[in-house]
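Given next are the chains, with one letter for each unit.
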Amino acid sequence: MARVYNFSAGPSTLPESVLEICAKEMMDCHGTGQSVMEMSHRSKAYEPIIEGCEAKIRELMQIPDNYKVLFLQGGASLQFAMIPLNLKQKGKVAFVDTGVWAKKAIDEAKRFMDVVDVVASSRDKGCNYIPHIPEIKGDYDYVHITINNTIVGTKWGYLPDTGDVPLVADISSSILSEPLDVSRFGLLYAGAQKNLAPAGVTLVIIREDLIREDLPNTVPTMLRYDTHANEGSMFNTPPTYTIYVMGLVLDWIKANGGAEGMAKRNYEKANLFYDHLEKSSFYRPTTALDSRSIMNIPFVFTEEDAEKVAAMNKKFVKEAAAAGLVNLAGHRLVGGMRASMYNAMSLEGVKALIAFMDKFEAENK
Ligand SMILES: *Cc1c(COP(=O)(O)O)cnc(C)c1O
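Sequence order sets the numbering: in each chain, residues are counted from 1 along the sequence as written. In keeping with the model being predicted, local features are shown solely for residues with a pLDDT of at least 70 and side-chain atom pairs are shown and tallied solely at 80 or more, while totals for entire chains, interfaces and linings include all residues. To obtain the side-chain values, all non-hydrogen atoms of the structure were used and water was disregarded.

A.B. asks: Sorry, what's going on with the sheet that holds strand β11 (residues 283-285) here?
C.D. replies: Sheets are built from strands that pair by backbone hydrogen bonding, the pairs being arranged parallel or antiparallel. DSSP-based pairing: two strands are paired if at least 2 bridges between them are found. Helix numbering and strand numbering both begin at the N terminus, where a helix is a DSSP run of H or I of at least 4 residues and a strand a DSSP run of E of at least 2. The antiparallel open sheet is built from three strands, whose spatial order is β11-β12-β14. Here the strands that pair on one side only, and so sit at the sheet edges, are β11 and β14 (337-340). This sheet shows a mean twist of 35° between the axes of neighbouring strands, independent of strand direction. Here three bridges tie β11 to strand β12 (residues 296-301), and the two strands are oriented antiparallel to one another. Pairing of R284 across the sheet is with V300, part of β12. The criterion used for residue contact is that any of the two residues' heavy atoms lie within 4.5 Å. Only the stretch in contact is used when a helix axis is fitted, and all axes are lines through C-alpha atoms; the angle between N-to-C directions ranges over 0 to 180 degrees. Running at roughly 135° to β11, helix α9 (residues 347-364) makes contact with β11, β12 and β14 of the sheet.

So this is what it looks like as structure tokens:
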């Protein structure tokens, strides 16, 4: 079977050249006579793989020296708990509620924090925009935002000023999709399965002064940032193969112009797609103009009859899949369709989707 264009929200498409290297090195990586899957994480052969991966992340994201890069497990979802567990001092935190993942982070923080202030929200309009809240100040342990909202398809186009309060951001679905000034944040985290790797590793980028050694004794060893920071993410076995693939993806990003190159590529794809939606009388985007994600683009039919729409959604997703364009069903909470166009999605893939949409429109109008 020929490869498909995979618009999945995650795990998601990887660069073909990376998959080819994985295949080539499967039986014998770099003359070791082993697959990376089989290597001890403490072996001489593996050491350069994890160290190289960290060096490449640091270079591509221009991470300042006073930040640690951690390779953890448990997904972005475990960070919803680890962050309050590690950053709690006053017991007060501020969140901006911009969607499903933001809400999950809020709910988890409530387990640990005494006060969880939702200082702004876009719930009034189904989270289809990013609230304008240029300043968030208060005696908070941190302020949390979700930079790219994978399900509703919005993204922060600016960063709020939080003064001395550390800004914490979930960048699971936007990491390295465009340049980001790491020095503006106290902590960044991302499940890697959207833009960087297969599932299994979570990246945490944390300013060193936020890594505390004096945490309450009840915080489990594995949930403490200092545990992992002190051991170079080798306190226990890290997800070795996923980190290897991430390293290859980072090589691919670097060869394609780094964060700037990705931004150019991603805006070209997203602009082409949004333009097509805007010009259409058959389809329409669901998000506010100033808040649009370049990674995840939900869209719906302009048709308003609910029964017709349900049938058309189903038909669209099915016929698209038959045409080699897969995973286009919208999230069950938003409905309609969603095209996720992470770094590895090619412009050709987006053009193929647009051509299919035109054909579907002509046949179903
Ligand atoms: C996918 C996603 C998550 C959840 O990630 P897991 O690694 O599955 O826990 C959290 N936040 C955002 C923004 C996401 O896109």
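A.B. asks: Could you clarify how one ought to interpret the site of the ligand in this entry?
C.D. replies: Residues are labelled near a given molecule or strand when at least one of their non-hydrogen atoms is within 4 Å of it. In the neighbourhood of the ligand, 13 residues make up the surrounding shell, with S77, T150, D170, Q193 and K194 lying closest. Between the ligand and D170, the relevant distance is 2.6 Å, taken from a nitrogen atom to a side-chain nitrogen or oxygen of the residue. Between the ligand and K194 there is a distance of 2.5 Å, counted from an oxygen atom to a side-chain nitrogen or oxygen. Relative to its unbound accessible area of 390 Å², the ligand is 87% covered by the protein chains. Basically, the charged four are Asp, Glu, Lys and Arg, the nonpolar ten are Ala, Val, Leu, Ile, Met, Phe, Trp, Tyr, Cys and Pro, and anything else, Gly included, counts as polar. Counted by class, the shell around the ligand contains three nonpolar, eight polar and two charged residues. Counting of polar contacts relies on pairs of N or O atoms within 3.5 Å, with two restrictions inside protein: one atom must be capable of donating a hydrogen and the other of accepting it, and residues adjacent in sequence are counted only when both atoms are side-chain atoms. Only the protein chains shown count as cover for residues, with accessible areas throughout obtained via the Shrake-Rupley method and a probe of 1.4 Å.

A.B. asks: Is there a simple way to think about helix α8 (residues 306-322) in this case?
C.D. replies: Here the expected length of a helix is defined as 1.5 Å per residue gap, with one fewer gap than residues. For α8, which comprises 17 residues, the first-to-last C-alpha distance of 24 Å matches the rise-based estimate of 24 Å (1.5 Å per residue) to within 8%. Burial classification: accessible surface area is computed with a 1.4 Å probe over protein chains only, and a residue below 20% of its type maximum counts as buried, one above 50% as exposed, and the rest as partly exposed. When we look at burial in α8, the residues that qualify are V309, M312, N313, F316 and A320. Down the axis of α8, the smallest arc covering the buried residues is 110°, so these residues share one side. Opposite the buried face of α8, by more than 90 degrees, sit the exposed residues E307, K314, K318 and A322. Where α8 is buried, its residues contact β11, β12, β13 (325-326), β14 and α9. N-capping of α8 is provided by D305, with a side-chain oxygen placed 3.1 Å from the backbone N of E307. Starting at the helix axis, one direction is taken to each C-beta atom, and the arc is that of these directions.

A.B. asks: Is there a simple way to explain the sheet that holds strand β8 (residues 167-170) in this structure?
C.D. replies: Taken in spatial order, the seven strands make up an open sheet running β2-β10-β9-β8-β5-β3-β4, and their pairing is mixed. A strand with exactly one partner marks an edge of an open sheet, and here the two such strands are β2 (67-72) and β4 (115-121). With strand direction ignored, the average angle separating the axes of adjacent strands in the sheet is 15°. Across six bridges, the pairing between β2 and strand β10 (residues 202-207) is antiparallel. Looking across to β10, one finds that Y67 is bridged to R207.

A.B. asks: Just to check I follow, could you spell out the side chain of Q79 for this structure?
C.D. replies: Mapping Q79 onto the fold places it in helix α3 (residues 75-87). We classify Q79 as buried; its relative accessible area is 0%. In contact with Q79, not counting residues within four places along its chain, are L72, P84, Y189, T202, V204 and Y225.

A.B. asks: For this particular structure, what's the right way to read unusual backbone geometry?
C.D. replies: Among all residues except glycine, the phi angle is most often negative; among peptide bonds, the trans geometry is most common. With an omega dihedral of -10°, the bond running from G10 to P11 counts as a cis peptide bond. For Q62, which is not a glycine, the phi torsion comes out positive at approximately 50°. Following the sequence through the fold, Q62 ends up in the loop between α2 (47-61) and β2. Its identity is not glycine, yet N327 carries a phi of approximately 65°, on the positive side. Within the secondary structure, N327 sits in the loop between β13 and β14.

A.B. asks: How should I be thinking about α2 in this particular structure?
C.D. replies: Side chains three or four residues apart in an α-helix point the same way, a direct result of the helix having 3.6 residues per turn. Compared with an ideal rise of 1.5 Å per residue, which puts 15 residues at 21 Å, α2 spans 21 Å between its outermost C-alpha atoms and is within 8% of the ideal. On the buried face of α2, the contacting elements are β2, β10, α6 (240-255) and α7 (258-279). Just downstream of α2 lies Q62, where phi reads positive at about 50°.

A.B. asks: So what exactly am I meant to see when it comes to the packing of helix α1 (residues 16-24) against α6 here?
C.D. replies: When two helices pack together, their arrangement is captured by the angle between the axes and the distance separating the axes. Close contact between α1 and α6 brings their axes to 9 Å; oriented N to C, the two are set at 135°. Our classification of the angle between α1 and α6 gives oblique. Here α1 and α6 pass one another in a crossing that is right-handed. Residues S17, V18, I21 and C22 of α1 lie in contact with α6, whose contacting residues are Y241, Y244, V245, L248, V249 and W252. A per-class count over the contact of α1 with α6 returns nine nonpolar, one polar and no charged. Orientation is classified from the angle alone, with under 35 degrees giving roughly parallel, over 145 giving roughly antiparallel, 65 to 115 giving roughly perpendicular, and any other angle giving oblique. Crossing handedness: left-handed means the near helix sits turned counterclockwise from the far one by under a right angle, and right-handed means the same turn made clockwise.

A.B. asks: I would appreciate a short explanation of the nonpolar core in the present structure.
C.D. replies: Generally speaking, soluble globular proteins have nonpolar side chains that are buried together. Counting residues in each nonpolar core, the largest one holds 57 residues, and the members touching the most others are L196 and M246. With ten residues, α6 is the single largest residue contributor to this core. Residue contacts for M246: discarding those within four places in its chain leaves C53, I57, F71, A192, L196, A197, V201 and L203. Think of a nonpolar core as a cluster: buried Ala, Val, Leu, Ile, Met, Phe, Trp, Tyr and Cys residues, connected wherever their side-chain atoms sit within 4.5 Å. Grouped together as the second largest cluster of nonpolar side chains are 29 residues, I294, M312, M337 and V350 included.

A.B. asks: Honestly, the packing of aromatic side chains in this entry has me stumped. Any pointers?
C.D. replies: Within a pair of aromatic rings, the relevant descriptors are the distance that separates the centres and the angle that separates the planes. Between 30 and 60 degrees the pair is tilted, below 30 it is stacked and above 60 it is edge-to-face, where a pair is any two Phe, Tyr or Trp rings, Trp via its six-membered ring, whose centres lie within 6.5 Å. What the rule picks out here adds up to 18 aromatic pairs. Ring plane angle 45° and centroid distance 6.5 Å describe the contact between F80 and W101, whose orientation is recorded as tilted. Here F80, found in helix α3, pairs with W101, found in helix α4 (residues 100-109); they are 21 residues apart in sequence, far enough to count as distant. Classification of W101 as partly exposed rests on a relative accessible area of 27%. A centroid spacing of 6.5 Å and a plane angle of 50° characterise the contact between F282 and F360, whose relative ring orientation is tilted. With a gap of 78 residues between them, F282 in the loop between α7 and β11 and F360 in helix α9 connect regions that are remote in the sequence. On the basis of relative accessible area, F282 is assigned to the buried category, the value being 6%. When its relative accessible area of 0% is taken as the criterion, F360 is described as buried. Following the ring pairs from residue to residue traces out a cluster consisting of F273, F282, Y283, F299, F301, F316, F356 and F360. Only when the NZ atom of a Lys or the CZ atom of an Arg is both within 6 Å of the ring centre and within 35 degrees of the ring normal do we say a charge sits over the ring. Sitting above the plane of the Y129 ring, K125 keeps its charged end 5.5 Å from the centroid.

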